[in-house]
Structure formats: structure tokens, C-alpha cells
Amino acid sequence: MEAAGRDGRMAGRRQVKNMNTGGSPEECPVCLTGYDGTVQRPRTLPCGHTVCTLCIDQLEEQGRVTCPECRVNHAVPEGGQFPVSYAVEAFMMRDAEVAAAAAALPPPSTGEAAASPPPSAGEAAAAAAAAGKKEAAGLSKKMRSFLQEQEATVVAAITACREAQSQLDQYQTTLAGWGKQQQQLEDRLLGLVDQSRSARELLQQEESRVAAKEEELKKEEQGLQAMLETLRTLATEQEAAAAMPEVFRWTGEAEQAVEECREGFPDASTVTTARKVNVASSAALEAVQAVQAALETLATEEPRPQADPDSTVMDRLHLICTWSVTAEDLRSLTQPARRLLEAGRVFAVHQAEGQRRHARISLEAGQLCLHALKDHPPPLGAATLQVSEVVPPSPPCTVFLDLSWPGSAPRRVQIRLSPDTPRGRQFLLLCTGQRGPSYVNTRLCGVGSKAEAGECVKGGDYESNDGEGSSVLLPGLDEGEYRKSGRAGDVCGLVWTDRTRGECGHFGIYTRDRKDGGDGLVFGEVVDGLHVVAEAAQHRDIKEVTVADCGVVL
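Computed from a prediction, not measured in an experiment: that's the story for all the values here.

*Asks:* Please clarify how the overall build of the protein chain should be interpreted in this entry.
*Replies:* Counting secondary structure elements, the protein chain contains 16 helices and 17 strands. Considering only contacts in the protein chain between residues 6 or more positions apart, those separated by 24 or more positions represent 68%. Total accessible area on the protein chain stands at roughly 28,400 Å², and carbon and sulfur atoms take up 50% of it.

*Asks:* Looking at this model, I keep getting lost on the pattern of salt bridges. Mind explaining?
*Replies:* It is possible for side chains of opposite charge to pair when their charged atoms get near one another. Applying the stated criterion across every chain, the model contains 23 salt bridges. Two residues, E246 and R249, come together in a salt bridge whose shortest N-O distance is 2.9 Å. Here the residue E246 and the residue R249 both occupy positions in helix α8 (residues 237-264), the gap between them amounting to three residues, near one helical turn. R249 gets classed as partly exposed once you look at its relative accessible area, which sits at 36%. A salt bridge links R483 to D490, with the nearest nitrogen and oxygen atoms 3.1 Å apart. Where salt bridges share partners, they join E151, E229 and R232 into one cluster.

*Asks:* It is not clear to me how the packing of aromatic side chains should be interpreted in this structure. Could you clarify?
*Replies:* Geometrically, a pair of aromatic rings is defined through the distance of the ring centres and the angle of the planes. Across all of its chains, the model carries five aromatic pairs by this definition. Relative to F265, the ring of Y171 has its centre 6.3 Å away and its plane inclined at 70°; by these criteria the two rings are edge-to-face. You can see Y171 sitting in helix α6 (residues 141-186) and its partner F265 sitting in the loop between α8 and α9 (268-284), a full 94 residues away along the chain. Measuring from centroid to centroid gives 5.2 Å for F427 and F507, while their planes differ by 75°, and the two rings are edge-to-face. In this pair, F427 is assigned in helix α15 (residues 422-432) and F507 in strand β15 (residues 507-510), connecting sequence segments 80 residues apart. Taking the relative accessible area as the measure of exposure, F427 reaches 1% and is therefore buried. Here F507 falls in the buried class, since its relative accessible area comes to 3%. Grouped by ring-pair contacts, the aromatic residues F427, Y439, F507 and F523 constitute a single cluster. Its end group placed over the ring of W250, R249 keeps NZ or CZ at 4.8 Å from the ring centre.

*Asks:* Explain helix α16 (residues 530-537) here, please?
*Replies:* Along an α-helix, residues three or four positions apart point the same way, because every turn accommodates 3.6 residues. Along α16, the positions that sit buried rather than exposed are V532, V533, A536 and A537. Along the axis of α16, the buried positions cluster into a sector of 140°, meaning they face one direction only.

*Asks:* How should I be thinking about the confidence of the model for the protein chain in this particular structure?
*Replies:* Interpretation of the predicted coordinates at a detailed level should be avoided for regions scoring low in pLDDT. Per-residue confidence for the protein chain averages 81 on the pLDDT scale, and 80% of its residues sit at or above 70. Residue range residues 287-307 is modelled with pLDDT below 50. Its contacts to residues more than four positions away, or to other chains, number 23 contacts.

*Asks:* Looking at this structure, how should I read α8?
*Replies:* Along its 28 residues, α8 runs 40 Å from first to last C-alpha, staying within 8% of the 40 Å computed at 1.5 Å per residue. The largest bend along α8 measures about 30° and falls at A243, with the proline P245 one to four residues further on. If you check which residues of α8 are buried, you get A240, A243, M244, V247, T251, A254, E255, A257, V258, E259 and C261.

*Asks:* Whenever I open this one, the side chain of E455 confuses me. Can you help?
*Replies:* Looking at where E455 falls in the secondary structure, it is placed in the loop between β11 (446-448) and β12 (456-459). Judged by relative accessible area, E455 falls into the buried class, the value being 1%. Polar contacts involving the side chain of E455 include one to the main-chain amide nitrogen of A451, which spans 2.7 Å. At 3.0 Å, the side chain of E455 and the side chain of Q538 are in polar contact.

Calculation rules
Residues numbered from 1 in each chain as written. Predicted model: local features only at pLDDT ≥ 70, side-chain atom pairs only at ≥ 80, totals over all residues. Heavy atoms only, no water. Helix = DSSP H or I, 4+ residues; strand = E, 2+ residues; numbered from the N terminus. Contact = heavy atoms within 4.5 Å. Areas by Shrake-Rupley, 256 points an atom, 1.4 Å probe, with all protein chains shown as cover. Salt bridge = Lys/Arg side-chain N within 4 Å of Asp/Glu carboxyl O. Buried < 20%, exposed > 50% of the residue type's maximum accessible area, 1.4 Å probe, protein only. Phe/Tyr/Trp six-rings, centres within 6.5 Å; stacked < 30°, edge-to-face > 60°. Lys NZ or Arg CZ within 6 Å of the ring centre and 35° of its normal. Arc of directions from axis to C-beta. pLDDT = per-residue confidence, 0-100. Expected span 1.5 Å × (residues − 1). Bend = angle between axes of the 7 residues up to and from the residue. Polar contact = N/O pair within 3.5 Å; in protein donor to acceptor, adjacent residues only side chain to side chain.

Written out as C-alpha cells, the structure is:
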């Protein structure tokens, strides 16, 4: 506890020190307007940088804010606002006091003004500070320095108390919301009434515990404020020595209270139980079978996730509350599913031949997209479901290829695959990687009839990546009912010009209409991004064009 207290004091000092470097700490780095205590309060992002409330509101996009200083992207807390930077506000208040003290200094006499040059800004500030503490003339220089250090410690402790209160306020708001939702569900449940009531009582107990701790922190802050005023009015060595035990007692109690807050909240058992009962109760309204499955889930003890010790109460709450989503949750974009998608924590799992792989599911421009399977494990706390739950076994469906070449960022091409054909099934499997290989990192291998009628971009060689591999994933690719066409945007299967070489699994995308009737192996068409394919066809070397990513639009 003593080491934790020292760490808290050092963190507070570092925070005060950082406000004195690189630009004015009293101004927002975005709008360059001074902070105030109303609409432009300073708010601290998780990366540590401070921005005013108005600018954060303008930077918010789809529930996330990108820091204008370091460009790190942060999710907006459930309460809708990032915590207030009380350290910056305390710094501003102290500056205001210094300025007021400087204004109260009597002007120098004419003789004095002629005898000495005007003081610098630093000297003026020092003189103002000295005037503000003129009653402390009986203190030695060493004692004054020691008192200033203790002031910084008290300010840091006050800041820690306020930050902890802010976190507890958000946590308490969340708990209250859950309690209200649980009360509404309880009125409609039959088989889970007892479990629901127990969950609600747990939430109320946790609310009471939070309220008690918050009240304790408020009292500690009030005591610290009073001690801060005492430190500023001490005039003698004896008074300073007598005040030190009280300073140590108040700062020690405050540090202990803050540490207890960090260690004791949130209560993983209460939160986990309450959220499981909430999910189970909702499922019970749909079907009795879903109720039984939810009860089994409730009875299963899950391992407690390991949170970062420096994370906030709400960060740990989100980690504890992560649970699996269903395909229906994704399609209807429930609020929990949307939050997980925006945080990049939804993955589909596919297991074949003892190998377990994961595909990220994202929400882009209102579309759910499953990206190609990869060997990397999902992040801690990610929600997972089976690939088979979201990806159709065969076309029709919409897939995508993200094309990139030097000097061009990846751009998306969406392809609607026609009803079931062998080539369409192979294209779908290679967009997801369910059989192992995928189109990711494959190069386009040629352009037929370049800049002429019937221009066609060729690709799909996942085997040798140079246009020489057969790239046949499924047998009998040409055995199916294909339509015949040669319009711009059509996606067709290619065959070897030399028929002795067997089947060819490559594909072609027409960027210009053909003059003749076209071929008979069309299995899809580009529904968005044909201009991207046309630009790729005009690139100086088509083999520099790669598929940066691929997947399925769900």
C-alpha cells in the first residue's frame, strides 16, 4: 500500500510537470481556445492527451474519437464523455490565484523603477507567489520548498480522488441501467423469476457499495481541500511541524481509499452473474429451449479475465461483460453486438483437420463483413461464433476483394455470385479461406485485350501466384449451368488456351463489353468497385496489383 501511495504521488507530480511543457496547458490543442468550467472543460483521453469537450464532440465518429495529438483511436465511454482532467483545472485555478496575487502587488516607486530593469515573466510569477504567501515569511527556504512539495502531493491525491469518483459515477450509472432493465424483464418472466430477482438484488447491493465508497472519497477530498488551505496559511516552523502529521494522515487515507476503489471495483462475481441472468431472461421470452440453454450457461463458471492493472473501472467492466454473440445479434445489430463490432472484438471460428482459425467480422459503411480466415488467435475477451453460422454454404451471396498496388491504398470490389455453380463455390471458399488457401496476397496475372473492347483482368492463381498454377480447389469446375455473357463487370472462369493442360481455376473480370457473344462460364458480376478493376487494368504492371484482403458481405 505504501509503494502504491508513492506511485500515486509520483504520477500526480508527473502529470503536473507534463502540463508545463510543449504549448499552453490552458488551451485546447485543437481549437486553441482556453478551457473553462462549463462547455469547454478539459477532458483526458485514455492515451493521456487533453482536449476540450466541444472538440471531442466534433471529433466523435460512430462512437469513437481519434486523438488529435497521437492519432490513437478510443471508444467513447458508456456515460458519453471522457473523464474531466481535474489536474488541468487545478493548474488553471492555481495560475488564476498567482495572477490575482500579482495584480495585488503595489506598483514600484519612481526611483525603484529607474534603478532596476522590469522583471521578467518568471520573476513576476515568483514575486506574485511570494506575495501570496507573505504570511509565511517566518519559514525557512527549505521548509517552504518542503511545503510546496506537499501541496503537489495533496493536489495529486485530490485529482486521483476525482478521477476515481468519475469512474465510479459511470459504473454506478451502468449498474442502475442494468437494474432498471432487469426489473422490466422480471415482470415478463415465469421460469427465471427467482434468478432474476437475485441478480437485481446483487446489483442493488453493488450500487450501495459504490455509493458508500463514493461518499468516502468525497469526505477524503473535503479533508484534503481543508489541509491544502492550511498548508497555504502556515507562517512558522512550529506551525508547519505541527501540521505535518495531519498532512500525512489525510494523504495516506486518501491514497488508501483510491487504492481500495481500484482493487474492489467492479465486482466480477456480481457483474458476471447479473449479465448472465440478463441474457438468460431475454432468451426465455423467445422459447423454453433457449431458457434451458441460458440456465446451463448461467451454471457454468467462466475464468475471470485478467485486466490491465492500469485500466479504469469501466475498462475492466467491459472486459468482464464480453460474451458470445449470435448470428441473429449480428444481423439485427443489437447494442452489445454493435459495441463489440466497433471495438474489433467479434470473430468467426473455423476448425478443420485439427486446425483452428479465426476470421474477423467488421461493420463497414453499415455492412457486416467477414474477412478471410487467419491463423492468429483473437484478442482477449473477443466474442466468437462459427463460420457456418454466418457464411452460406454456397452462392448466391456477395463477396469482396480489396485491390492494392504501389501508390494506391486498398480499395474494395464487391462481387455478387450467381446461384450455385462449381466456380462460384470455389470463389466463395477462396474468399473465406475455409479450405486453407485464400486470395489474400495473390497477384493479378494479366490483362486481355488491354484498352480495347472485351478488356479482361485475370487473377486467382493462389498456387504459384504467377498465372502458371492450375489453382483448382474443387473438381469439375466447368460442370454446371453457367450463363453466357461478356458485359463489363461480368466475372467468369478462364480456361487454358492449350487444352492439354487440364482444368484452370483462374477467374477474369471484364472491364469493357465484348463485341461478340462472350463466353459461357460467367458465375458473377461486380456490383460495386468496377472502376477500381478498370484502374488496375491500366496500371503499368498488372502483376503489382495484389489482393490485400477478401471475404464475404454477410
